[in-house]
Amino acid sequence: LVGIALTLMTPCSPFDAIAFFPVTVVPDVLVVAALGVWIGLRFRGWWQFVLSWFGVVLASAIHTSWPIVFGPQVSAWNHLAGFLPGPLYDEELHLPAALLWFRLGSLLLAAFAVFGAARTAGDLSLLTSRGRAIALLFFALLEMLGPTLGFRMSDHALAAILGGKTESEHIVLMHPRGLTPKEVARVMGDLEFRFGQISEFVGGAPPGKVTVWWYRSAEQKQQLVGAAHTQFAKPWRREIHVNDSGFPHPVVKHELAHALLAPLGARPFGVTARILGLSPHVGVIEGMAVAADNPIDDLSLQEWAAAMKKQSMLPDVRTLLEPQGFYSAPASRAYTTAGAFLRWLQESRGAEKLRDLYRDGDFARVYGVELSVLVSE
């Protein structure tokens, strides 16, 4: 009845995404149920049961996060929790072939657990032994073929697929092998020029090169690493992933700033963060990238900020640059305002203090006064 009412009352159909249910939910249920039965038969003590499930969840989390943290991809594939396609605001969701292959692996994992539970319960038949071995064999085979099938990606596999590599003094460009020498030279010239601009803004670039993964199209990037129109950086790996969007590239300078500034940020992720580097300060992270990018279209950053102030649309900078306050304002206003403020700090207080600020975003420590005093100025 609810579905009928929604269909009649709104232009949105509750059934448009119904195909996701059997592919994303059902395999998870089967895997969790099969593992639960097997663990329940194997361990009778409650503490053994809890520790076993903790081990399963931990192993699943490591298996999912490894290619994201230590590899190039941003999509997440988990046999217990489903599929995260990357930046959700970036995608028109559909069922890719890679997801079907991954869910086949989930079914094989569930079958392995079922045969394991049967054996634990006392079924020592040849069918049980062979079934478990076959399920495990084909599951391992699918995992090995992950980069080819589209649900795993490694640096080695991605470099082989793109096929091109060119290095300069500051940049390692991984690009499609079809780019002509003239196109490669133009891209490298643009990247080196942007690198120089950012270095000048922050008072000198930290040592080391930045790797730029350059994709022929948004479709290629989505298929390989999980993001289509969203360009992204992995600062802790000092790398960025961008589409070929013409010359000069409209956003590469912003992403390059994230990667270039990584050695100035807090470990382990190379961004402004507190609490052992695990609580990111988004206002400073994105504000620094915008300030270094210094995009100029109709107006400069400072002019946009002045225009917003005149129209009573300027976000409260004190709130915006608190560790968790960046999302209190609409994205376009937040990015522009944070960038304008940090660029003013660089111009009025120098690049050295701004570099120091990038570690933890503690304005009082770096400038000797509270953020509110700087905002008033």
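Residues numbered from 1 in each chain as written. Predicted model: local features only at pLDDT ≥ 70, side-chain atom pairs only at ≥ 80, totals over all residues. Heavy atoms only, no water.

Q: Explain unusual backbone geometry here, please?
A: For residues besides glycine, phi is generally negative; the peptide bonds are generally trans as well. Residue Phe247 is joined to Pro248 through a cis peptide bond whose omega torsion reads -5°. Here Pro248 lies in the loop between β7 (239-243) and α10 (252-260). Following Arg267, the chain continues into Pro268 via a peptide bond in cis, with omega recorded as 10°. Here Pro268 shows up in the loop between α10 and β8 (273-274). Backbone geometry places Leu276, a non-glycine residue, at a positive phi of 60°. Residue position: Leu276 is located in the loop between β8 and β9 (279-280). According to the relative accessible area criterion, Leu276 is exposed, its value standing at 79%. (Helix = DSSP H or I, 4+ residues; strand = E, 2+ residues; numbered from the N terminus. Buried < 20%, exposed > 50% of the residue type's maximum accessible area, 1.4 Å probe, protein only.)

Q: How should the pairing of strand β5 (residues 210-215) be read in this particular structure?
A: Each regular strand carries side chains that alternate between the two faces of the sheet. For β5, the tally of buried residues reaches 6 of 6 residues, placing the bulk of the element in the interior. Residues Val210, Val212 and Trp214 line one face of β5 and the alternating positions Thr211, Trp213 and Tyr215 line the opposite face, and both faces are buried. In this structure, strand β4 (residues 171-176) lies alongside β5, joined through 4 bridges in parallel fashion. By the bridge assignment, Met174 is partnered in β5 with Trp213. With respect to chirality, the unit in which β4 leads through helix α8 (residues 181-201) into the neighbouring parallel β5 is left-handed. Relative to β7, β5 runs parallel, the two sharing 5 bridges. Counterpart to Val212 in the pairing with β7 is Ile240. (Pairing = 2+ DSSP bridges. Right-handed = clockwise from strand over helix to strand, strands pointing away.)

Q: How should the packing of aromatic side chains be read in this particular structure?
A: Any pair of aromatic rings gets described here by the distance separating the centres and the angle formed by the planes. Counted by the stated rule, this structure contains 11 aromatic pairs. Measuring from ring centre to ring centre gives 4.3 Å for Trp66 and Phe70, while their planes differ by 40°; the resulting arrangement is tilted. Classification of Trp66 as exposed rests on a relative accessible area of 53%. Ring plane angle 80° and centroid distance 5.7 Å describe the contact between Phe326 and Tyr327, whose orientation is recorded as edge-to-face. Take Phe326: its relative accessible area is 3%, and that puts it in the buried class. Judged by its relative accessible area of 67%, Tyr327 is exposed. Linked through ring pairs, Trp77, Phe83, Phe102 and Phe151 together constitute an aromatic cluster. (Phe/Tyr/Trp six-rings, centres within 6.5 Å; stacked < 30°, edge-to-face > 60°.)

Q: Just checking my understanding: could you explain the pattern of salt bridges for this structure?
A: If the charged atoms of two oppositely charged side chains come close together, the side chains can form a pair. For the coordinates displayed, the defined rule picks out 13 salt bridges. Ionic pairing is found between Glu167 and Lys165, a salt bridge with its closest N-O pair at 3.7 Å. Here Lys165 falls in the exposed class, since its relative accessible area comes to 54%. The salt bridge involving Arg237 is made with Glu239; its shortest N-O contact spans 2.9 Å. You'll find Arg237 and Glu239 in the same group, each marked buried. Connected through shared salt-bridge partners, Asp356, Arg359, Asp360 and Arg365 make up one network. (Salt bridge = Lys/Arg side-chain N within 4 Å of Asp/Glu carboxyl O.)

Shape descriptors only; they carry no functional weight alone.
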